[in-house]
Amino acid sequence: MAEETLAALRSLMASHSPPLHALVVPSQDYHQSEYVSARDKRREFVSGFTGSAGLALITMNEALLWTDGRYFLQAAQQLSNQWKLMRMGEDPAVDIWMADNLPKEAAIGVDTWCVSVETAHKWERVFAKKQQKLVQTTTNLVDEVWKSRPPAEVNPVMVHPLEFSGRCVADKLKDLREKLVQEKARAIIITGLDEVAWLYNIRGTDVSYCPVVHAFAVVTLVSAFLYVDNRKLSSEVTSFMEENGIEVRDYGEVSKDVTLLASDQLVHSSSSKGSQTSSSLGEETKANGSADKGNDLIWVDPGQCCFALYSKLNAEKVRRQQSPIALAKALKNPVEMEGLKKAHIRDGAAVVQYLVWLDKQMQEIYGASGYFIEAETTCQKKQPNVLKLTEVSVSDKLEEFRASKEHFRGLSFPTISSVGSNAAIIHYSPAVETCAELDPDCIYLFDSGAQYLDGTTDITRTVHFGKPTQHEKACYTAVLKGHIALGNARFPNGTNGNTLDILARTALWRYGLDYRHGTGHGIGSYLNVHEGPHQISFRPAATNVPLQVSMTVTDEPGYYEDGNFGVRLENVLIIKEADTKFNFGEKGYLSFDHITWAPYQRKLIDLSLLVPEEVEWLNDYHSKCKEILAPYLNVAEMAWLSKATEPVAA
């Protein structure tokens, strides 16, 4: 199948005008989304690689797939011999490879709706050295050969009520317009699905695991537009948009309207009820002296806006800067903060119920020593060929426990449920046909989360139901030490996540160990599980935005031993002001609050490697777990948790 697909694409490349020397197939959709709908998984279709991050390049003689360290093992397993794996950070970047390996004046095709302004400009700078050119394909060539491409779904748009969003649309638009005035801009084009959803207080189900709607938005100093399939709108949503001065237009009209915007001809429909609202907004803005001739720029986020829309603008009249919505969305308001805390408590109860159930199953089916007792020898399955626990069946059970909780709306990403060597695949995704059976003599890692109306969750725990090796315990403990070190950090205002990343790695580095992923990402309020603009990472992007009060961020160091096992521990943290004795430089200091509640497995901890402060933190965290989760557990579950959280001594 892969060979036929490549042959069909190469035929289209040869007949294209101009003929293409190479075709780039990105992972992204028209909104540069991390997770995309089934019909937008073009890179997965052509390559067979199912990871969320990567880029495919097809030439007349080669097919190459770039991905990052999270997916090296997975890609190596999934790619056919028609493909060559290119490891980001180790092999030449795709633009460098093309400049070095494609002929002078080569035409490199791409659907510019699926490439950001930032990426396109970077490639063009590299290509210019050999007079190579980036070519907008006449159609998306992958769509031409993808005969079984899933149809577009018509899923309803929902209003996200104030009791969960915490801020009304009018206030968000007011703040946004103030930012536009500050930056001498008269409009902003919003392409990120989570930003559109957050700004207009809407949610949807267009993308699995992300409660977003396929939509664009344009906001000017006097008007606001939403571009969406009208069939998705109920009368309630339509009225909500009108009340907030937002004119709804068809999804496909965004291209034409951006052209109008460029020439300052984009106006509200005179028949729109919303136009009256926006006119009053405009009069207010003008009365304040904001909408003068100095505001003539159009703001686009170069990392998010697709090159196709940007190309319709006058480049000299564009403010290329990160969207102001990214930071506004990351700074959680009090309602969102409270909702996130409550969602994580219910989620923690679901995780504990899952561990109680799994512990019992492992003992009954496999004769495992269980969650608490370390086996003397390896385990023997008690009932072979009768009962079977697999990576998929147990993750389904975890989803059941979550689904029983208030405000549950689905998972926040595909559950990573991984046994033994599969746990070494950082973003492993088990499939029913090929997944492993649980093994009491192997580490089991599960990384999972849920979408609740009041918050999004993400948690990772690593456990063993038999006898862990001393090496496994040492690795788990090193990861735990890094997890504690980061969570306990105090740092001055203005500190970025690149600075803090080392705290999570130091314990591993002492042994010459490390991991190939970032340490922390923001998390949405019933939105995307991965949220910027901040992060905790070794990557340069983590220097861009300082950590600030009311941001959320994960704390998730790990260690992965190819072919053997993997360890990761993850909690969600909220950044708060720190109570420090001194205040050097009058900067003010920050610290973290954990809002994830589930025990760490004492059996996997080598207590001799912990210092007293770490033991104290562990006991304090476990004491809070027991206290906070008690109202959500029955007697048997509470007895299990009490045992799991008994104090330890070094």
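Residues numbered from 1 in each chain as written. Predicted model: local features only at pLDDT ≥ 70, side-chain atom pairs only at ≥ 80, totals over all residues. Heavy atoms only, no water.

(A) Spatial organisation of the overall build of the protein. Regarding its fold elements, the protein presents 20 helices and 28 strands. Relative to the 2.2 N^0.38 estimate, which gives 26 Å for 650 residues, the radius of gyration of the protein is 26 Å and therefore close to what a compact globule would have. Seen along its three principal axes, the alpha-carbon backbone of the protein occupies a region of about 75 × 60 × 50 Å. In the protein, the share of contacts with a sequence separation of at least 24, taken over all contacts with a separation of at least 6, comes to 70%. Of the accessible surface of the protein, which amounts to about 26,400 Å², a share of 50% is contributed by carbon and sulfur atoms. Side-chain charges in the protein split into 66 positive and 82 negative, and the spacing between the mean points of these groups amounts to 2 Å. (Helix = DSSP H or I, 4+ residues; strand = E, 2+ residues; numbered from the N terminus. Rg over C-alpha atoms; globule rule 2.2 N^0.38 Å. Contact = heavy atoms within 4.5 Å. Areas by Shrake-Rupley, 256 points an atom, 1.4 Å probe, with all protein chains shown as cover. Lys, Arg positive; Asp, Glu negative; His and termini not counted. Charge placed at Lys NZ, Arg CZ, Asp CG, Glu CD.)

(B) Broad picture of the confidence of the model for the protein. Per-chain confidence: the protein averages 94 in pLDDT, with 95% of residues scoring 70 or above. Predicted confidence is poor over residues 271-291, with pLDDT under 50, and the contacts of this stretch with residues over four places away or in other chains come to 28 contacts. (pLDDT = per-residue confidence, 0-100.)

(C) Representation of the environment of Gly487. You can see Gly487 is positioned in helix α17 (residues 470-487). Take Gly487: its relative accessible area is 4%, and that puts it in the buried class. Sequence spacing of Gly487 and Val572 is 85 residues, and the spatial spacing of their C-alpha atoms is 9.6 Å. (Buried < 20%, exposed > 50% of the residue type's maximum accessible area, 1.4 Å probe, protein only.)

(D) Structural context of the sheet that holds strand β27 (residues 571-577). Across the sheet, four strands lie side by side as β21-β28-β27-β24; this open sheet has antiparallel pairing. Of all the strands in the sheet, the pair left with one neighbour each is β21 (491-492) and β24 (552-555). Where α17 meets the sheet, its contacts fall on β24, β27 and β28 (589-594), and the angle it forms with β28 comes to roughly 130°. (Pairing = 2+ DSSP bridges. Axes fitted to C-alpha atoms, helices over the stretch in contact; angles between N-to-C directions.)

(E) Summary view of the pairing of strand β4 (residues 84-87). With four bridges joining them, strand β3 (residues 63-67) and β4 adopt parallel strand pairing. Looking at β4, one finds that Leu64 is bridged to Lys84.

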